[in-house]
Amino acid sequence: MAADFFTTTGRRFHGRCPGPVALVLSVMLLVVGVVGAVAAPAQDLPDSTSSFWGHTPTTADTLGTFEGSLWGPVPARDDSVSARYTNYSRPAWETAVMVPYWVVGIPFRIVYLGIDQTVIGMDKLGLFGAAAAHPGLRIPTDTYLMPVVSIGDLEGFTLGLQARHYDFLGPGNMLFLQASRSTRKADELSGGSLFHMGRDWTIQVGGGTEEKNLTRYFGLGPNSDFDNLSYYHRRVTWGGFELDKVVGRKVGLKLRTYSSKVEALEPVYEIDQSLGRVHGDDIPFGYPGQSTGWTWRLALYRDNADQRGRPRSGGFQSLGVSLFNASDGSDLQFLTYHANLEKFFSLWHTDRTLAVRGFFNRISNVGNADIPFTRLVTFQRPDELRGYHSLRFYGMGSLGFSTEYRWPVWVVRGRNDMGVDAYLFSDIGQVFEKTAEISFDNIKVTGGAGLRLIKSNRGFAARFEIGLSDEQTIFRLKFSQTFQYDPKGMLYGKNPTKVY
C-alpha cells in the first residue's frame, strides 16, 4: 500500500516538477513512512488490521473509541465531539428591517464606488508612484496629461489639466503647462520649463496669469475686523527665470528675477460687498489700481531632511532677500527679508514625527512712494495660518510658528510604501506694521487636523485638512505642503508674488 501511495505521489508531482525533484520528494516521503512504521509499537498493530497510518478500524471500532492512531485515541461520535450545522432561513421581520437599511445605504455605496474607482484610475495613471516611467496619460507627442483637482479657501473647488513633457530639448529637462478654473470664478494659466546646465546648475523659466474674482479683504493690520468682509477682483501676471546652484552638501543658492503686475479691480460679483462700498472711509492705498515692476531675489537654503513623505529627521532652512523696483513710473522701491526654519523630530513610536516650523517676513521701504496693499506681506501659501483665509491680514511684516504631530494610519505594504498619515497641527502668528505691534494680544491662534497621502517613492502626494479658528472653519485639498514647500516654483508656474 505504501508503495502504491508513493508511486501515485511521484506521478502527481511529475507534471509540475522536474524529474529529479519528484524523485527527491518520493524518497523523502518513503523515509518518513518507514520511520513512522518502525517507531510504532508492535503490540498496538496486529497484522490483520495494520496499515502504514496505524490501526485499520473494524466495524466494531466505528461504534466506539479505538486505539492505535499515531495522534492518539479517536473518540466515538457523539454530541460532545461533533458539530451540527443548520441553515436557517431569514425571518420575514428581518427582511422587512433590512429593506430600508439597504435603501438608506445606496448613496453611501455610490460615493464609495466613485471614490474607489477614482483612486483606481489615479493609480493606473501613476499618480501614487506606479512603476510607470512617468505618471499620467501619455499622448502622441510624448506628453503626459494629469487632472488638476483641489479645494482652496480662495478658489473653491478647482478643476483643470496639467501637461508634462519630459526630456524637453535634452535629458532630464521638463516642460510644464497648466490650466484650471474654479467654482469661485478663479482662473489660472501658467507654465514653465527646467534645464540642467552641468552637474550643479539648473535654470527655471516660467510665467502665467492668475485671476481671483472674489478675493476677500477685511482691512489692514492684525486687528482687522471679520465683520468688514468685502470683495475685490485680483489679477496677477508674471514671467521670469531662476538660476539654482548647488554649493555644498544639501546647500543651494537661488537667484530669481521676474516681472510682475498686480491689479486690484472692482468686483464683477458680490457688488453689494465690494471693497469700495464696505471700506468707503478707509480704502487702502492702491485700490483700485495696479503695480508693475521687477523683482530680484537672492536666497540661500539647506535641505537635509531624509525624505519628503515621512521625514523623521533633519529639516529645511532658508534665508532670502528681494528687491522690488517699480516700472510703472512710480518711485516705489522696497526690500523684503524672509527667514524660514523647519525641523523634524522622530518620536517614541515608529514613524511618529513632530514637525516644527517658524517663519519671518519684513518689508523695508527704500523708495519715495507708499506701498500698495497688494504688495504688502500677508498670510498665504506656504506662510499661512491654516484656520484663516489666505490674504486675511495685511501688514509690513509677519511672523508665525507651526507644529504638526504626524502618525501613519494606513500603508499598502511596508513603512516606506504608499499610504496615508494623519496629523494634528497648530499655527500661531500675526502681521504687523511696526515691530512694536508684536505682542501676545495680536497673536492669532489656529489649529486643526488633516491627512497626508504619501507616494510609494517616499514622496509627498497630497493633503486634506480642516483648519479651525475663532472666525471660521477652512477646508483644503492641496498637492503642496507648507513644510518642505516645493522649490521648483518657476517650473510649475507658481505665482512668485506669493513667496517672499
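Here, every reference points to the structure presented above.
As the structure is a prediction and not an experimental result, all values here were calculated from the model.

Asks: An account of the overall build of the protein chain is requested, with residue identities and associated values reported.
Replies: When helices and strands are tallied, the protein chain shows 4 helices and 21 strands. By residue count, 42% of the 500 residues in the protein chain fall in the buried class. Restricting the contact set of the protein chain to residue pairs at least 6 apart, pairs at least 24 apart contribute 57%. Taken as a whole, the protein chain presents about 27,000 Å² of accessible surface, with 62% of it coming from carbon and sulfur.

Asks: An account of the pairing of strand β21 (residues 473-478) is needed here, citing residue identities and associated values.
Replies: Taking every second residue as pointing to the same face, the buried face of β21 carries I474, R476 and K478, while none of T473, F475 and L477 on the other face is buried. In sequence, strand β20 (residues 460-468) turns back onto β21 through a hairpin of 4 residues.

Asks: Quick rundown of the nonpolar core? Include the residues and the values.
Replies: Counting residues in each nonpolar core, the largest one holds 20 residues, and the members touching the most others are Y232, L332, I371, F373 and Y394. Of all hydrophobic cores here, the second largest spans 7 residues; its members include F176, L194, L491 and Y492.

Asks: How would you explain the environment of G314 if you had to name every residue and give the values?
Replies: Examined against the element boundaries, G314 turns out to sit in the loop between β11 (289-303) and β12 (315-326). Through-space distance from the C-alpha of G314 to that of K343 is 6.0 Å; in sequence the pair is 29 residues apart.

Asks: A description of the pairing of β20 should follow, citing residues and the corresponding values.
Replies: A regular strand carries its side chains on alternate faces of the sheet. By the bridge criterion, 8 bridges tie strand β19 (residues 444-454) to β20 in an arrangement that is antiparallel. Within β20, the residue paired with G447 across the bridge is L468. The turn joining β19 and β20, which pair antiparallel and follow one another in sequence, is formed by 5 residues; a positive phi near 65° is taken by R458. Where β20 lies against β21, 6 bridges are found, and the strand directions are antiparallel. Across the sheet, the residue bridging to E465 is R476, located in β21.

Asks: Explain a nonpolar patch on the surface to me, using residue names and the numbers behind them.
Replies: Taken together, V247, L253, L255, W294, W296, L298, L300, V321, L323, Y337 and V366 make up a surface patch of nonpolar side chains, about 920 Å² in accessible area. Contributions of two or more residues to the nonpolar patch are made by β10 (251-265), β11 and β12. The residue L298 is located in strand β11 in this model. On the accessibility criterion, L298 (42% relative accessible area) is partly exposed.

Asks: Describe the side chain of S469, with residues and values.
Replies: Structurally, the position occupied by S469 is in the loop between β20 and β21. A distance of 2.7 Å separates the side chain of S469 from the backbone oxygen of G387, its partner in a polar contact. Not counting chain neighbours up to four residues away, the residues in contact with S469 comprise G387, Y388 and T446.

Asks: For the packing of aromatic side chains, give the residues involved together with the corresponding values.
Replies: Across all of its chains, the model carries 18 aromatic pairs by this definition. Plain terms: the ring middles of Y232 and F373 are 5.4 Å apart, the flat faces sit at 70° to each other, and that makes the pair edge-to-face. Here Y232 is found in strand β9 (residues 230-248), whereas its partner F373 is found in the loop between β14 (353-365) and β15 (377-378), with 141 residues between them in sequence. The exposure classification of Y232 matches that of F373, with both residues buried.

Asks: Describe the pattern of salt bridges, and please don't skip the residues or the numbers.
Replies: Considering all chains together, one arrives at 23 salt bridges under this definition. A salt bridge links R138 to D142, with the shortest nitrogen-to-oxygen separation between them at 3.1 Å. Residue R138 is classed as exposed on the basis of its relative accessible area of 55%. Note on D142: relative accessible area 30%, which makes it partly exposed. Where D244 meets K254, a salt bridge forms, and the shortest distance between an N and an O atom there is 3.1 Å.

Cut-offs used in this document
- Residues numbered from 1 in each chain as written.
- Predicted model: local features only at pLDDT ≥ 70, side-chain atom pairs only at ≥ 80, totals over all residues.
- Heavy atoms only, no water.
- Helix = DSSP H or I, 4+ residues; strand = E, 2+ residues; numbered from the N terminus.
- Buried < 20%, exposed > 50% of the residue type's maximum accessible area, 1.4 Å probe, protein only.
- Contact = heavy atoms within 4.5 Å.
- Areas by Shrake-Rupley, 256 points an atom, 1.4 Å probe, with all protein chains shown as cover.
- Pairing = 2+ DSSP bridges.
- Core = buried A, V, L, I, M, F, W, Y, C linked by side-chain atoms within 4.5 Å.
- Patch = residues over 30% accessible without salt bridge, like charges linked within 9 Å, V, L, I, M, F, W, Y side chains within 5 Å.
- Salt bridge = Lys/Arg side-chain N within 4 Å of Asp/Glu carboxyl O.
- Polar contact = N/O pair within 3.5 Å; in protein donor to acceptor, adjacent residues only side chain to side chain.
- Phe/Tyr/Trp six-rings, centres within 6.5 Å; stacked < 30°, edge-to-face > 60°.

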